[in-house]
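Results of the structural survey
So you can see what is in the structure, the chains are spelled out below.
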There are 2 protein chains.
Amino acid sequence: MVDGKKLKKIVIQILKKRGMSLSHATISANALINAEYVGAYGHGISRLKMYCERIKKKVINPKPKIKIKKISNSISFIDANNSIGFVAADTAIKTLIKNTKKTGIGLVGVKNSGHYGLSGYYVEQAVKKNLMVWCFTNAPPAIAPYGAKKTLFGTNPICFGTPSGGKVPFILDTSVSMINRGIIRVAARLGKKIPAGVALDKNGNPTTDAKKALKGVQLPIAGFRGSGLAWMVDILSGVITGAAHGGKVRDPFDDFRGPQNVGHLFLAIKPHIFIGKNYIKRIKENIRIIKKLPRIKGFKTISYPGENKAKRFSKNSKKKIYLPKEIEKDLKRLIGAPSK
Amino acid sequence: MVDGKKLKKIVIQILKKRGMSLSHATISANALINAEYVGAYGHGISRLKMYCERIKKKVINPKPKIKIKKISNSISFIDANNSIGFVAADTAIKTLIKNTKKTGIGLVGVKNSGHYGLSGYYVEQAVKKNLMVWCFTNAPPAIAPYGAKKTLFGTNPICFGTPSGGKVPFILDTSVSMINRGIIRVAARLGKKIPAGVALDKNGNPTTDAKKALKGVQLPIAGFRGSGLAWMVDILSGVITGAAHGGKVRDPFDDFRGPQNVGHLFLAIKPHIFIGKNYIKRIKENIRIIKKLPRIKGFKTISYPGENKAKRFSKNSKKKIYLPKEIEKDLKRLIGAPSK
């Protein structure tokens with residue numbers, strides 16, 4: 001069990017030691033600790049060792065020169081210069097907020113980035129500025145396109161957020177695979193099983209063995225539909241931005257031959273462009289109506305996307321953070337490890 | 001069997017007789033016949049009788065005064081004045097193309113519209129102008145939100161298109177329900193069964209009886225994920241535009257108490273804003289890589305979204321159109337029926 005503030009200082013220290021500025025190390029530490037608080041352990045501290053290894057092997061640039069090209073008042077294009085994904089995404093969401101505030105609609109493309117953790121974390125930042133937002137990113141091969149027996153698409157999340165009129169924003173953050181790859185990865189490290197029906201092994205047989213699933217194929221939601229959505233996200237993130245696409249995003253854990261070159265596309269609109277302040281009244285009404293529906297057995301409440309995550313954050317951020325022993329050991333090694 | 005051109009003339013005649021201008025009747029006839037050609041019979045001529053009834057009962061306005069409000073060079077807002085959905089969507093996609101060509105990014109919201117048929121039909125028009133496009137629309141209650149035992153969301157399609165570099169555009173047009181409601185409706189009319197696992201009856205039990213399914217609940221894809229996507233589409237189509245939302249879009253077949261007030265949101269970007277002409281090279285490469293993957297048994301090819309529909313269009317548009325007897329009778333009645 002580690003205190004969150006203390007853990008943040010440790011992460012900053014570890015990343016600074018590897019050449020990152022205080023500002024970039026802080027952005028990264030905040031994102032990693034947020035993942036722990038919302039219960040997305042596969043995107044949290046368990047990844048720190050990998051990030052450090054990538055910096056050491058010069059496939060993450062700890063001192064990136066990020067270029068922001070202004071295409072119009074609404075549109076910007078970012079070359080993240082192989083920064084850690086958190087820093088690229090942080091730059092992108094801030095640029096997006098600025099553009100959208102100015103013109104009502106904003107668009108930011110990013111290339112030469114890396115894994116940035118949870119899309120919902122960035123979407124939330126823009127929603128808190130009263131914007132409606134989408135974030136798309138591609139990822140290393142995990143899902144087989146419909147009809148193929150080889151993985152190619154990443155888990156390619158679709159993330160959408162809007163102010164809800166209440167304290168907890170509406171944030172849908174759904175990968176198009178049946179299960180989050182980070183969850184499989186943590187299960188593999190800890191020797192735990194994964195649920196049935198979410199993955200196949202490398203021979204195309206169903207498996208609950210996390211290690212076998214990592215070498216096999218994750219199943220997309222809804223066959224052709226999920227596969228199509230994953231393909232859309234690859235086009236939006238990779239093809240349009242000049243980033244890697246078509247299965248060429250490198251796996252950050254396994255492939256150190258070069259930077260990942262992940263691509264992102266961030267898009268936002270002002271939700272009151274058409275109907276003014278009525279938007280907040282209407283979204284509140286929408287949520288109220290749906291929450292009042294009769295429920296099926298076993299459901300105490302009907303939740304909107306983002307509610308459960310917010311509850312977990314609120315509960316966990318008051319407590320110390322639990323880290324598996326394996327990961328605590330990593331941390332100690334990383335603090336003690338020589339800087340280069 | 002009816003010749004397509006002849007059928008188009010008949011549809012135009014029927015709609016003009018009910019007060020529509022030649023131009024609006026032609027727009028509607030084209031959309032209906034396109035649905036027949038692509039094999040989406042649930043969105044085709046089977047709906048004509050319903051449209052005529054709605055005009056007769058004054059819940060579709062055959063002579064709408066459509067207002068287009070320009071919010072910025074990129075953004076427009078359309079009040080469709082309860083026009084038939086085809087005309088509202090046609091106005092919207094043309095406005096969207098204009099806005100996007102001007103600024104690189106365009107957005108059009110629509111309220112007071114109706115069922116517009118296939119999203120892919122409008123997306124294709126913008127893709128042919130070399131744009132990347134999304135269309136969202138809501139629809140009458142068909143899917144229960146996750147945890148609820150009452151339907152509320154429509155089948156709320158997500159439709160995305162982009163130039164593919166080839167003759168056939170990439171168009172993903174996927175409802176978030178396991179099955180298209182139009183298919184269930186046609187099955188119900190013709191007394192046919194629907195596949196297992198796509199719907200529940202009104203008591204929450206699985207059913208393959210199309211009539212029972214219409215009164216029950218359609219299942220969303222992927223549980224909470226599909227439900228969340230349907231909710232997003234309701235917000236985008238209904239909440240933000242001032243149209244009906246939260247289950248208040250009227251069923252066009254069953255509810256004649258007032259106009260449907262469907263909402264749509266159309267969004268587009270120039271796909272070469274970031275990387276210029278390379279976009280076409282890259283999307284071609286993306287598709288080529290994926291099509292070359294090793295296939296699972298039973299797949300002769302890996303298709304990208306839109307390919308199968310294009311094949312059906314190409315095949316069917318060379319032949320006469322088959323109409324079930326029931327629907328042929330409708331047509332005869334509609335031609336003969338008095339104009340008011």
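Residues numbered from 1 in each chain as written. Chains lettered and ligands numbered in written order. Predicted model: local features only at pLDDT ≥ 70, side-chain atom pairs only at ≥ 80, totals over all residues.

Let's shift gears to the overall build of chain A. For chain A, the count of helices and strands is eleven helices and nine strands. Relative to the 2.2 N^0.38 estimate, which gives 20 Å for 340 residues, the radius of gyration of chain A is 20 Å and therefore close to what a compact globule would have. Along the longest, intermediate and shortest principal axes, the C-alpha atoms of chain A span 55 × 45 × 45 Å. For chain A, buried positions account for 59% of its 340 residues. Looking at chain A alone, contacts between residues at least 24 apart form 62% of all its contacts between residues at least 6 apart. (Helix = DSSP H or I, 4+ residues; strand = E, 2+ residues; numbered from the N terminus. Rg over C-alpha atoms; globule rule 2.2 N^0.38 Å. Buried ≥ 20, exposed ≤ 12 C-beta atoms within 10 Å, placed from the backbone. Contact = placed C-beta atoms within 7 Å.)

Interface size is commonly expressed as the accessible area that is lost once the parts come together. At the junction of the two partners, chain A supplies 55 residues and chain B supplies 55 residues. When contributions to the side of chain A that touches chain B are tallied by element, the ones reaching two or more residues are β2 (75-79), β3 (105-113), β5 (158-162), β6 (170-174), α8 (224-239) and α9 (278-291) of chain A.

Right, let's get into the sheet that holds strand β1 (residues 67-70) of chain A. The sheet built from seven strands is open, its strands ordered β1-β2-β3-β9-β4-β5-β6 (chain A) with mixed pairing. Of all the strands in the sheet, the pair left with one neighbour each is β1 and β6 of chain A. Sheet twist, expressed as the average angle between the axes of neighbouring strands with direction ignored, equals 10 degrees. In this sheet, β3 of chain A lies alongside β2 of chain A in parallel orientation, the contact comprising five bridges. Bridging from a neighbouring strand, Ser76 of chain A pairs with Val108 of chain A of β3 of chain A. Against the sheet, helix α8 (residues 224-239) of chain B contacts β5 and β6 of chain A, and its axis sits at roughly 135 degrees relative to β6 of chain A. (Pairing = 2+ DSSP bridges. Axes fitted to C-alpha atoms, helices over the stretch in contact; angles between N-to-C directions.)

Time to look at the packing of α8 of chain A against helix α9 (residues 278-291) of chain B. Relative orientation of the contacting elements α8 of chain A and α9 of chain B amounts to 140 degrees, with a least axis distance of 11 Å. On the basis of their axis angle, the class for α8 of chain A and α9 of chain B is oblique. Note that α8 of chain A runs across α9 of chain B; the crossing there is right-handed. Between α8 of chain A and α9 of chain B, the contacting residues are Asp234, Ile235 and Val239 of chain A on the first element and Arg282, Ile283 and Asn286 of chain B on the second. A per-class count over the contact of α8 of chain A with α9 of chain B returns three nonpolar, one polar and two charged. (Parallel < 35°, antiparallel > 145°, perpendicular 65-115°, else oblique. Left-handed = near helix turned anticlockwise from the far one by under 90°. Nonpolar A, V, L, I, M, F, W, Y, C, P; charged D, E, K, R; others polar.)

With an RMSD of 0.0 Å, the fit of chain A onto chain B corresponds to turning through 180 degrees and sliding 0.0 Å along the axis. In the structure described here, the two chain copies are related by an operation that fits a two-fold rotation axis. Among all residues of chain A, the minimum C-alpha distance to the rotation axis is found for Ala222 of chain A, at 3.2 Å. Interface overlap between copies: 100% of the residues of chain A at the interface are likewise at the interface in chain B, consistent with a symmetric, same-surface contact. (Least-squares fit on C-alpha atoms with pLDDT ≥ 70 in both.)

With that settled, consider the pairing of β2 of chain A. Residue and element names in this part refer to chain A. Within β2, five of the five residues are buried, which leaves it mostly tucked inside the rest of the structure. Side chains Ile75, Phe77 and Asp79 project from β2 onto one buried face, and the interleaved Ser76 and Ile78 project onto a second face that is buried too. Two strands pair when backbone bridges link them, and β1 and β2 are joined in this way by four bridges, in the antiparallel orientation. Note that in β2 the partner of Lys69 across the bridge is Phe77. Here β1 hands over to β2 after four residues, the two strands then running antiparallel side by side. In this fold, the crossover linking β2 to β3 by way of helix α4 (residues 85-103) has right-handed handedness. (Right-handed = clockwise from strand over helix to strand, strands pointing away.)

Across chain A, pLDDT averages 94, with 99% of residues at or above 70. Confidence metrics for the complex model read pTM 0.94 and ipTM 0.94. (pLDDT = per-residue confidence, 0-100.)

The subject of this paragraph is the environment of Pro141 of chain A. Residues and elements named next belong to chain A. Along the chain, Pro141 turns up in the loop between β4 (132-137) and β5. Residue classification places Pro141 among the buried residues on the basis of 20 C-beta atoms within 10 Å. Residues Pro141 and Gly154 lie 13 residues apart in sequence; the distance between their C-alpha atoms is 4.5 Å. Setting aside residues up to four positions removed in sequence, Pro141 forms contacts with Thr151, Leu152, Phe153, Gly154 and Gly247.

Take the pairing of strand β9 (residues 262-269) of chain B next. All names here are of chain B. Here β9 lies mainly inside the structure; eight of its eight residues are buried. Residues Val262, His264, Phe266 and Ala268 point to one face of β9 and Gly263, Leu265, Leu267 and Ile269 to the other, with burial holding for every one of them. Across six bridges, the pairing between strand β4 (residues 132-137) and β9 is antiparallel. Bridge pairing in β9 links Cys135 to Phe266.

With that settled, consider the sheet that holds strand β1 (residues 67-70) of chain B. In space, the seven strands of this open sheet follow the order β1-β2-β3-β9-β4-β5-β6 (chain B), with mixed pairing throughout. Both edges of this open sheet fall to β1 and β6 (170-174) of chain B, since each of them pairs with a single strand only. On average, each strand axis in the sheet is inclined to that of its neighbour by 10 degrees, with strand direction left out of account. Where α8 of chain A meets the sheet, its contacts fall on β5 (158-162) and β6 of chain B, and the angle it forms with β6 of chain B comes to roughly 135 degrees. In the packing of α8 of chain B onto the sheet, the strands contacted are β4, β5 and β9 of chain B, and the crossing angle to β9 of chain B comes to about 95 degrees.

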